Amino acid sequence: MNAHSTSGGLIHWLRNLPLFLLAFGVLSLSMIVPSIHALVTENHTEARVFFYTAVLGLVLFTMIGTAMAGQVLRQSHIGPLLSLFALMIAMPVFLALPLYESLRTTTFFNAYVEMVSAITTTGATVFDDPGRLSGPQHLWRAQVAWLGGFTMWAAAASILAPLNLGGFEVTARAEPGQARVNANLIRRTDTRTRLFRIIGALMPIYAGLTLLMWVLLQISGEQSLTALIHAMAILSTSGISNVGGLEHANSGLTGEAVMLLFMAFAVSRLTFSTDTVTSTGDRLYSDPEIKLAVAITCVVPILLFMRHWLGAFDVDQEANFSDGLRALWGSVFTVLSFLTTTGFTSAEWGTAQNWSGLGTPGLILMGLALVGGGVATTAGGVKLLRVFALYRHGLREMEQLVHPSSVSGARGLGRRLQKQGAYIAWVFFMLFALSLAAICLLMAAMG
């Protein structure tokens, strides 16, 4: 009875802590994993660095949590959003400590940027040579990205969806008049309660898919650590690799086929959950995001294949069917990888260029990454739902050119979008483009 009351009191204490502090405690505890890996591989220096940083984080978490015990936190709609922002900007300061202390050949700013890139599942690295980092350091990068990806999985349903943000602002639930319904939902269930419930529902799915993919990649011939890092990179769409990409992996075509299958979870929320209103029904074929992703994944590789096939005539390689099929596979995998903002390039991607002697414009891949994956997934970009809203608006404008007096009606897939969905999507796209231009200018100014 005492044990039950103690565990109940602990759970109650945890539930009343700020979300940022809870995330701090979880990330501190997760440092034990690379510490154990470093200990097993007899890298005692890195094992101590990760373990001591984990102990420091857990001590700070316990002290701050104890000091805040009994305090009643104010509930606000902006609070969870600020917690997410702090998680992506401030938390990497602490996460960079073990990487900086164990590497000792880089600046703290580089380590901080690396952790920001990881926790936001961006995956861009400041270390061009993967051999510069050890196994535990690569595992830590992939682990932070994996936890960051799950954070977005959970935050999408518990924080963004009730506030009609993160892509939900273009759906019919964000129509004027629905705000009162959403506000009542928020008042009935506070953010912390929703978050705990959603974490309990989604974590087994997220961890189970990662474990399954890890096993399948090992069966494909991949080394255990590389298979685990690639599995976490695919589920979180971070594209982090400890070997420099799939062209240096051992899993080959079989491993890429496994990865392609699991990339589908970044295309639409419906592939793993129905906890958000992202479709007119609960069937995958009714989801416009999946239809748009399938269309892009089919059309773009075919166009690339035809371009290289025509180029192969100039070098008398058009009859080399094996290279042609490998080039087609490389295009399909790479297109879906960049569409989901994973960023992995197929090992056969270079086959197309060797087959035809033509280079593939990188602008195509950049455009796919800008489109991005599904709403409420780990993928980044503008998101397929916003692109679908702009597509529907374009069709409607062309209909009015032919029939100026026609009246629009929400039919089929259009019922999931609100009337001003295209306008909101266009505003977001312009903000996205302006942000991209500003960052490009800043990077160019810094050389």
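Shown above is the structure to which this text applies.
Source: prediction; values computed, not measured. (Residues numbered from 1 in each chain as written. Predicted model: local features only at pLDDT ≥ 70, side-chain atom pairs only at ≥ 80, totals over all residues. Heavy atoms only, no water.)

Overview of the environment of Glu289
With respect to the secondary-structure elements, Glu289 resides in helix 13 (residues 288-312). Considering only alpha carbons, one finds Glu289 and Arg269, 20 residues apart in sequence, at a separation of 9.2 Å. (Helix = DSSP H or I, 4+ residues; strand = E, 2+ residues; numbered from the N terminus.)

A word on helix 2 (residues 19-30)
The first and last C-alpha atoms of helix 2 sit 17 Å apart over 12 residues, in line with the 16 Å expected at 1.5 Å per residue. In terms of burial, helix 2 is a largely internal element, nine of the 12 residues being buried. Listing the buried residues of helix 2 in full gives Leu19, Leu21, Leu22, Ala23, Phe24, Gly25, Leu27, Ser28 and Ser30. (Expected span 1.5 Å × (residues − 1). Buried < 20%, exposed > 50% of the residue type's maximum accessible area, 1.4 Å probe, protein only.)

A word on the pattern of salt bridges
Counting across every chain of the model gives four salt bridges. We note a salt bridge from Arg386 to Glu169, for which the minimum N-O separation is 2.8 Å. Here Arg386, found in helix 17 (residues 384-402), pairs with Glu169, found in the loop between helix 8 (135-160) and helix 9 (179-188); they are 217 residues apart in sequence, far enough to count as distant. We classify Arg386 as buried; its relative accessible area is 3%. Measuring nitrogen to oxygen at the nearest pair gives 3.4 Å for the salt bridge that ties Glu399 to Arg396. Note that Glu399 and Arg396 are positioned in helix 17 at a spacing of three residues, about one turn of the helix. Taking relative accessible area as the criterion, Glu399 reaches 37% and is therefore assigned partly exposed. For Arg396, a relative accessible area of 15% puts it in the buried group. (Salt bridge = Lys/Arg side-chain N within 4 Å of Asp/Glu carboxyl O.)

Regarding the packing of aromatic side chains
The final tally for this structure, using the stated rule, is 13 aromatic pairs. Here the aromatic rings of Tyr100 and Phe108 are separated by 5.6 Å at their centres, their planes lie at 85°, and the arrangement is edge-to-face. Classification of Phe108 by relative accessible area gives partly exposed; the value is 30%. What links up through ring pairs into an aromatic cluster is the set Trp146, Phe150, Trp153, Tyr206 and Phe272. (Phe/Tyr/Trp six-rings, centres within 6.5 Å; stacked < 30°, edge-to-face > 60°.)

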